[in-house]
Amino acid sequence: MWGALVAGSCSFASAEPPGSPLLTPLGLVGHPTGTTPPPFSGGTADTGHVSLATLRGRVVLVNFWASWCLECRSEMPVLERLHRALGPRGLAVIGVNARESRRTVSRYASDLGLTFPLVTDPDGRIDTLLAEPAPRVEER
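Notes on the structure follow.

Rules used throughout
Residues numbered from 1 in each chain as written. Predicted model: local features only at pLDDT ≥ 70, side-chain atom pairs only at ≥ 80, totals over all residues. Heavy atoms only, no water. Salt bridge = Lys/Arg side-chain N within 4 Å of Asp/Glu carboxyl O. Helix = DSSP H or I, 4+ residues; strand = E, 2+ residues; numbered from the N terminus. Buried < 20%, exposed > 50% of the residue type's maximum accessible area, 1.4 Å probe, protein only. Pairing = 2+ DSSP bridges.

### Examining the pattern of salt bridges
Move 1: Under the counting rule described, the total for this entry stands at 2 salt bridges.
Move 2: For the salt bridge of E80 with R84, the shortest nitrogen-to-oxygen distance reads 2.5 Å. Placement of both E80 and R84 in helix α1 (residues 70-86) is noted, with a separation of 4 residues, approximately one turn of the helix.
Move 3: Looking at E80, the relative accessible area reads 5%, which means it is buried.

### So, the pairing of strand β5 (residues 59-65)
Looking down a regular strand, the side chains alternate between one sheet face and the other.
Move 1: The buried fraction of β5 amounts to 7 of the 7 residues, a majority that puts the element mostly inside the structure.
Move 2: Side-chain alternation along β5 places V59, L61, N63 and W65 on one buried face and V60, V62 and F64 on a second face that is also buried.
Move 3: Both β5 and strand β6 (residues 91-98) contribute to a ladder of 7 bridges, which runs parallel. Looking at β6, one finds that W65 is bridged to N97.

Below, the structure is given as structure tokens:
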């Protein structure tokens, strides 16, 4: 699957900059400054709700994954460590599951001890929305 640093309007003094030793091994794709991510929201496996709008001002790492993805199984613990280590400093880690049931997502999270929000996207709506190029906001 793939991950992206979706929104970053907080200071890098409070979160790891792209290219840092913690983020480099993940091969993340950062969007250029001024890029506006498409708004999305969704229910989580634990019956919560995540909205990109509520994360305004934080650096947001969105990872698309599926339980059948072998690479995802090894990267999820890394994302969990980032969530625990950098969450208090401004990083929000969000996992978006591609087209699987809430039960499958919950079982996977439990097996791996994941505590960051896992959004369920059973119809692929969020996946499609974030795969489209984001509009660029002109800076003044």
